[in-house]
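A structural walkthrough
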Amino acid sequence: MEWWLAAAVPRWAVRFYLRHWKPIVGLSLVGSVQRLAMVGWGDAVPSGVAAASEVVVVVARVLLVVVVWRLAMRGITVAWPRIQEFVTAHWRSLVYQGLGLSVAFLVFDLGAEQGVSALLPEAWRQGYLAALLFVKNPTVIAFTVVWWIGMVRQACVTATPAASGRGPA
């Protein structure tokens, strides 16, 4: 039961991402372009412009969270007691999801970003990293945001034994 409950969130996240890809990718491209510029030509960018571009990326990411939250939570009431019941009843599901997110981190951050980069000739590393970060922003990073919000959404809409009147878990 817990494994299927845990797997439901990334499945939902894929469907949600595909249904709302335009605002997700659009907001994520702000970070993509900034990372591409900073990694590719960072030495030529004045420090004030570089700092300002970081602020713009943070604002775009906050907007991404707000947009995904509003779309995902439309018509759903967030009640902290219900979330606490879900966490108590389905903590194993959350552990499985944490493991899934950890595997994604290992593959895409440690593996693709650091591991593959270390195997490349020095002259190729900056270009590889710039391209990788350009692709990661609208895919891996954005999908992770959707997944995290999906976890909260699931906790708000999934009936727990206590909430459904079937007694304690």
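We now turn to the structure provided with this report. (Residues numbered from 1 in each chain as written. Predicted model: local features only at pLDDT ≥ 70, side-chain atom pairs only at ≥ 80, totals over all residues. Heavy atoms only, no water.)

Some details on the overall build of the protein chain
Note the threshold: Numbering of helices and strands starts at the N terminus; helices are DSSP runs of H or I of at least 4 residues and strands are runs of E of at least 2. In this scheme, a residue with accessible area under 20% of its type's maximum is buried, one over 50% is exposed, and one in between is partly exposed, where area comes from a 1.4 Å probe on protein chains only. In this analysis, two residues are considered to be in contact whenever any of their non-hydrogen atoms come within 4.5 Å of each other. A 1.4 Å probe and the Shrake-Rupley method give the accessible areas. Residues count as covered only by the protein chains that appear here. Within this scheme the basic residues Lys and Arg register as positive and the acidic residues Asp and Glu register as negative, but His and the chain ends are omitted. The atoms used to mark charge sites are NZ of Lys, CZ of Arg, CG of Asp and CD of Glu.
Scanning the protein chain from terminus to terminus reveals 6 helices and 0 strands. Order of helices (α) and strands (β) in the protein chain, N terminus to C terminus: α-α-α-α-α-α. Taken along the three principal axes of its C-alpha coordinates, the protein chain extends 65 × 35 × 25 Å. When each of the 169 residues of the protein chain is scored for burial, the buried share is 36%. When contacts within the protein chain are restricted to residue pairs at least 6 apart in sequence, those whose partners lie at least 24 apart make up 80%. Of the accessible surface of the protein chain, which amounts to about 9900 Å², a share of 72% is contributed by carbon and sulfur atoms. Each charge class in the protein chain can be summarised by its mean position, and for the 14 positive and 7 negative side chains these summaries are 16 Å apart.

Notes on the packing of aromatic side chains
Under the convention used in this document: Any pair of Phe, Tyr and Trp rings, taking the six-membered ring for Trp, is counted once the centres come within 6.5 Å. Such a pair is stacked with planes under 30 degrees apart, edge-to-face with planes over 60 apart, and tilted for the rest.
What the rule picks out here adds up to 3 aromatic pairs. Both rings, one in W3 and one in Y96, keep their centres 5.7 Å apart while their planes meet at 75 degrees; by these two values the pair is edge-to-face. With W3 in helix 1 (residues 2–19) and Y96 in helix 5 (residues 91–119), the pair connects residues that are 93 residues apart, well separated along the chain.

Thoughts on the pattern of salt bridges
Operational definition: Counted as salt bridges are all cases of a side-chain nitrogen of Lys or Arg within 4 Å of a carboxyl oxygen of Asp or Glu.
What the rule picks out here adds up to 4 salt bridges. With a shortest N-O distance of 3.6 Å, D109 and K136 are connected by a salt bridge. Taken as a pair, D109 in helix 5 and K136 in helix 6 (residues 122–157) lie far apart in primary sequence, 27 residues in all. The shortest N-O distance in the salt bridge between E113 and K136 comes to 2.7 Å. Of this pair, E113 sits in helix 5 while K136 is found in helix 6, placing the two residues 23 residues apart along the sequence. The residues E113 and K136 share a single accessibility class, namely buried. Connected via shared salt-bridge partners are D109, E113 and K136.

Section: the nonpolar core
Quick reminder of the rule: Each nonpolar core is a collection of buried residues, namely Ala, Val, Leu, Ile, Met, Phe, Trp, Tyr and Cys, held together in the definition by side-chain atoms within 4.5 Å.
Counting residues in each nonpolar core, the largest one holds 20 residues, and the members touching the most others are W12, F16, I24, L64, V68, A72 and V146. Within the residue set of this core, elements represented by two or more residues are helix 1, helix 2 (21–41), helix 3 (47–72), helix 4 (80–89) and helix 6. When residues of this core are assigned to their parent elements, the largest contribution, 6 residues, is made by helix 6. When sequence neighbours within four positions are dropped, the list of residues in contact with I24 reads F16, Y17, L64, V68, A142 and V146.

What about a nonpolar patch on the surface?
Under the convention used in this document: Residues qualify for a patch when their relative accessible area is over 30% and they have no salt bridge, like charges being joined within 9 Å and the nonpolar side chains of Val, Leu, Ile, Met, Phe, Trp and Tyr within 5 Å.
A surface patch of nonpolar side chains, amounting to about 710 Å² of accessible area, comprises W3, W4, W91, V95, Y96 and L99. Of all the secondary-structure elements, those providing two or more residues to the nonpolar patch are helix 1 and helix 5. The element that contributes the greatest number of residues to the nonpolar patch is helix 5, accounting for 4 residues. Structurally, W91 is set in helix 5.

What about the side chain of T158?
Short version of the rule: Polar contact is the term for a pair of N or O atoms within 3.5 Å; when the atoms are in protein, one must be able to donate a hydrogen and the other to accept it, and sequence-neighboring residues count only if both atoms are side-chain atoms.
Mapped onto the elements, T158 comes out in the segment after helix 6. The exposure class of T158 is buried, given its relative accessible area of 16%. One polar contact links the side chain of T158 to the main-chain carbonyl oxygen of Q154, over a distance of 2.8 Å.

Points about the environment of F143
Relative to the helices and strands, F143 is located in helix 6. A sequence separation of 119 residues divides F143 from I24, and the C-alpha atoms of the two residues are 8.8 Å apart. Ignoring any residue separated from it by four or fewer positions in sequence, one finds F143 in contact with P10, A13, V14 and Y17.

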